[in-house]
Amino acid sequence: IETMPANTRETLHYHSLARQFFFVTKGTAIFYVEGEREVVNEQQGILIEPMVKHYIANESDENVEFLVISNPSTDEDRVLV
C-alpha cells in the first residue's frame, strides 16, 4: 500500500517491460495516461501497459492510498520523459 500526500504528483514516465495495476483504497487518484486525464475513485483500479507514458497525481487536499502491482518488477525499468 502506498500513500500519496495531498496536492502531489509523480513525474511523467513509462516502463519498458512492466505492466502495472493500481487500485485506489482511499480517496481519488488522477492518472495522466498518454496525455489523457483519468479519474480513479476509491475501490476502482486502472491498468497501465508497458511503454505507456503516465503519472499519478493527487489533486485533492487529503492523502490518497493505493495498491500498485507491477509485473515484472519496475526496478531499473522506469524511463523519465
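The text that follows walks through the structure, step by step, so that each part is easy to find. (Residues numbered from 1 in each chain as written. Predicted model: local features only at pLDDT ≥ 70, side-chain atom pairs only at ≥ 80, totals over all residues. Heavy atoms only, no water.)

**Examining the packing of aromatic side chains**
And step 1. Evaluated as defined, the whole model comprises 3 aromatic pairs.
And step 2. Plain terms: the ring middles of phenylalanine 22 and phenylalanine 66 are 5.9 Å apart, the flat faces sit at 45 degrees to each other, and that makes the pair tilted. Of the two residues, phenylalanine 22 is situated in strand β4 (residues 19-26) and phenylalanine 66 in strand β9 (residues 64-71); the sequence distance between them amounts to 44 residues. Take phenylalanine 22 and phenylalanine 66: they sit in the same class, and that class is buried.
And step 3. When the centroid spacing of 4.8 Å and the interplanar angle of 20 degrees are considered together, the rings of tyrosine 32 and tyrosine 55 count as stacked. Here tyrosine 55 lies in strand β8 (residues 54-58) and tyrosine 32 lies in strand β5 (residues 29-33), a separation of 23 residues in the sequence. (Phe/Tyr/Trp six-rings, centres within 6.5 Å; stacked < 30°, edge-to-face > 60°. Helix = DSSP H or I, 4+ residues; strand = E, 2+ residues; numbered from the N terminus. Buried < 20%, exposed > 50% of the residue type's maximum accessible area, 1.4 Å probe, protein only.)

**Quick notes on the pattern of salt bridges**
Between side chains of opposite charge, pairing is possible as soon as their charged atoms come close.
And step 1. Taken as a whole and assessed by the stated rule, the structure comprises 3 salt bridges.
And step 2. Ionic pairing is found between arginine 19 and glutamate 49, a salt bridge with its closest N-O pair at 2.6 Å. A residue pair is termed long-range when its members are at least 10 positions apart, and arginine 19 in strand β4 and glutamate 49 in the loop between β7 (45-48) and β8 qualify at 30 residues.
And step 3. On the accessibility criterion, arginine 19 (40% relative accessible area) is partly exposed.
And step 4. With a closest N to O distance of 2.8 Å, arginine 37 and glutamate 59 form a salt bridge. Of the two residues, arginine 37 is situated in strand β6 (residues 36-40) and glutamate 59 in the loop between β8 and β9; the sequence distance between them amounts to 22 residues.
And step 5. Assessed through its relative accessible area of 47%, arginine 37 is described here as partly exposed. (Salt bridge = Lys/Arg side-chain N within 4 Å of Asp/Glu carboxyl O.)

**What about the pairing of β9?**
And step 1. Judged from the 3 bridges that link them, strand β1 (residues 2-4) and β9 form a sheet pairing that is antiparallel. Paired with threonine 3 across the two strands is glutamate 65, which belongs to β9.
And step 2. Bridging between β4 and β9 involves 7 bridges; their strand directions are antiparallel. Paired with valine 24 across the bridge in β9 is phenylalanine 66. (Pairing = 2+ DSSP bridges.)

**A few points about the sheet that holds β7**
And step 1. Taken in spatial order, the 4 strands line up as β1-β9-β4-β7 in an open sheet, and their pairing is antiparallel. Edge positions in the open sheet fall to β1 and β7, since each of these has one partner strand only. Geometrically, the sheet is characterised by an average inter-axis angle of 30 degrees between neighbouring strands, direction not taken into account. (Axes fitted to C-alpha atoms, helices over the stretch in contact; angles between N-to-C directions.)

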